[in-house]
Structures are given as C-alpha cells and as structure tokens.
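# Commentary on secondary and tertiary structure
Here's the letter readout for the chains.
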Amino acid sequence: MRRTPTSARRSGAGRRGGVATVALLLTGALALAGCAKDTGGGSADGGSGPCRLNAPPAATAAPAGSTTQQLPPPNASGMRVGLAFDIGGRGDASFNDASVAGLDRAKGDMGLGETKELDAGAGEPEDAKQTRLRQLAREGFNPVIAVGYAYADALKIVAPEFPGTKFAIIDEQIDGVPNVTSLVFAEEQGSFLAGVVAAHKSKSCHVGFVGGVQTPLIQKFQAGFEAGAKAAAPEIRIEQEYLTPAGDFSGFQDPNKGSEVATGQLEAGADVIYHAAGASGKGVFGAVQGAGAQAIGVDSDQYNQPTVAEYKDVIISSMLKRIDLAVYDYIAGVARDDLSTVPKKFDVAIDGVTYSTSGGKIDDLKQTLDAYKAAIASGQIKVPEQP
C-alpha cells in the first residue's frame, strides 16, 4: 500500500525510539507493573495484529478537581465579556467551540451579562488581530479573551494600551504584562491518554497522528500521543504528518487536506487516527469513516458535536482540553476580583485535560486510563512535550 514520505520516515523512527522513550517515561514502579500481556496475535514487528500491551501502572491517589469548581459561582451580571476567535470560529467542533461552551456555562451559572464574539479570517494580516482586540476593548468589553496563541504578538501591543481592561489568552504564556492572564494546558498529558486508547483499540498495532500546523504547541499533542501509545504498546507503529508548516494557519481549516493526509496514513496501515487539526478534523473523520477505521477527536467531546455528528460512529473518544473550564474559571476569577483562583496550568491533576467516554466505545478502558492518569498526576509518569 502507498505510504507518504513522512509516514515512511516516521514508522521506522518510531520503532527505533520506542524502547528508549518508554524507558525514559516510566519510573521503576511502572516498569515493574509493565509486564506484557498478549492480546492475541500481535507480532514482534507490529502492524499484523493487535498490540501486545503493557499492564497499566499501579493505582495511586485520584487527582483533585478544579479550584474554582469548588467555590460557589459569583455574580457576573454586570460583566461584558469579549471573545476574539481563532481561525474556524464558532462551529469548528473543536477549539473555538470549547471556549464558547465556557462562556455559555458562565451565562447560566453566573448570570453573565452582554457578550460579543469576533471572528478571525484565514490568511488575515497580523494587524487584523490587533484591530479585533482594540475594538472589543474600546467598546467596553472587560475582560477580553483571545482564543489562541496566534494572538500573542497582538496582545503584547494592545494590552498596554488599555491598562484598565483585563485580557486573557489561551495557549500562550505571556509574562510581564500585568493585565494579561495566560490560560495554558498540559496538552501532552491528555494526548498521552489518547495514545493509550489508540494502542488498546488498534487491531493492527499501527496508528496515526494528524497535526494541523507544525508548531511547538501542536507538537505537544504529537509527543504525548506517541509516548502514551508506546507506553501501552512498545512495538506499535505510528504515522505522523502535519497539514501545513509553522506560519500557515490554514492547516486548522482545511478538511480536504485533512482527508488527504488521513487517507495516506490509513493506506499505510494505520487503523486508529488521532487529530489535533481544528476544523480540518472533519476531513480526518470522513476519511476514517470511509475506511471503516476509528478516530480520536480533540479539544471538545467531538462525539457530541453537532457539526461532526455524521461521523460519530467512528469517534471512539476525544482528548478533552478543557478550554471551557479555563474560560469559566477565568470569568469567575474576574467576577470575584481574584485571579489567584485561576490555575497556572490546566493539567490532568485538575481535569484540565482528560478523555471522553461518550458512545461507550472505551468503557472497557476506564480503569486502565484512570491508572495512567493518576500516575501522570502524581509524577510517576513524566510526559514529554517534544516528539
């Protein structure tokens, strides 16, 4: 079967680096627990049967929940919140929709007042982002939430111009600007769990990753996915490819290209594909459905997203990146005039990243996944941020 050049390079590299990666990730306790169990036919070279799987780590204490979830909702009826979307906007079934979910929850729980959403355009000039942020601030929206790291440079310019306005940015750490709060995530940890799911559900011990844009952020998804898959099944083969290089954000809004790349991975032998490609994931799901394979969604619980409902039969889980929780916690912090309650990083320890079980397709893996999740939260497993 045809292989894309990137996939061909990756599958070989994955086998060469698998043992070293797992050895680096797992502590002695996990290594002792990781004796292999035969799932029935997995071969030593991978790809001709189900994976031979490592046992999950020994159980540890369950992680705690979000700090602000444990506090009563404040009154936000007097607040006006502005939301500057990333490419794809409302309806992308992924990143932007997760931010909308947080906004909607704040309306219900806190009586949040007026809100305004502004869309981003594909291929827009950099100053368009500045214009969007200035518009919201000038119209009196406070706070203003920038959805996505693409706003980082614009926010560093605009935020000092409006010192009385609070800003937040999702997915970028900005230091030294007092009126900016960074809402960042341990994407690699949630993606590790997605890798475990893929390894357990693959019938060929051969899986794939499709990234939207090749940036350090999306590489965290790749790194975690590969680490989780190899921790669960050291002999697994992994395809990986990005839709566009760094700087070309169209990779987050090109379903046709998502379908093309996923098709190449499926033809190479992968039968479970995890995407971190925004709205391009719709194309990934379409290709997977056409091949009778399985997919893992990202950011939102994509099994329950109306805009990808036609593909729900192949979506076995999603890596939940709780942007909704971050937006909700941030709005609550502003309403209380106490941003110290906003977590410094949304990780597995506070359910800032986790996995979905909608559809019941991975119900048999809950105990295994929770064991890995607890081991990550306790520090027993260290997940890499770079492939």
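Everything below is about the structure shown above.
These lines cover the structure that appears in this document, whether it is placed above or below. Predicted model only: the values in this text are computed from it and were never measured.

Next up on the list: the overall build of the protein chain. Helix and strand counts for the protein chain stand at eleven helices and 13 strands. Sequence separation of at least 24 residues holds for 70% of the intrachain contacts in the protein chain that already meet a minimum separation of 6. As presented, the protein chain carries roughly 14,300 Å² of accessible surface, and 50% of it is formed by carbon and sulfur atoms.

Under the 1.5 Å per step criterion, the end-to-end length of helix 8 (residues 255-267) is 18 Å for 13 residues, consistent within 8% with the ideal 18 Å. When helix 8 is considered as a whole, its buried residues turn out to be Gly 258, Val 261, Ala 262, Gly 264, Gln 265 and Leu 266.

This brings us to the state of the cysteines. For the structure shown, the criterion picks out one disulfide. There is a disulfide in this structure between Cys 51 and Cys 205, and the S-S distance comes to 2.2 Å. Taking the sign of the S-S torsion, about 110 degrees here, the bridge from Cys 51 to Cys 205 comes out right-handed. Of the two residues, Cys 51 is situated in the loop between strand 1 (36-37) and strand 2 (53-54) and Cys 205 in the loop between helix 6 (187-201) and strand 8 (206-214); the sequence distance between them amounts to 154 residues. Exposure class is identical for Cys 51 and Cys 205. Each is buried.

This paragraph deals with the nonpolar core. Ile 145, Ile 170, Phe 192, Phe 221, Ile 236, Tyr 274 and Ile 331 are the most contacted members of the largest nonpolar core, which totals 75 residues. For this core, the element with the highest residue contribution is helix 10 (residues 323-336), accounting for nine residues. Leu 133, Ala 137, Leu 155 and Phe 167 belong to the second-largest nonpolar core, a separate cluster that totals 22 residues.

Thresholds, definitions, all that
- Residues numbered from 1 in each chain as written.
- Predicted model: local features only at pLDDT ≥ 70, side-chain atom pairs only at ≥ 80, totals over all residues.
- Heavy atoms only, no water.
- Helix = DSSP H or I, 4+ residues; strand = E, 2+ residues; numbered from the N terminus.
- Contact = heavy atoms within 4.5 Å.
- Areas by Shrake-Rupley, 256 points an atom, 1.4 Å probe, with all protein chains shown as cover.
- Expected span 1.5 Å × (residues − 1).
- Buried < 20%, exposed > 50% of the residue type's maximum accessible area, 1.4 Å probe, protein only.
- Disulfide = S-S within 2.5 Å.
- Core = buried A, V, L, I, M, F, W, Y, C linked by side-chain atoms within 4.5 Å.

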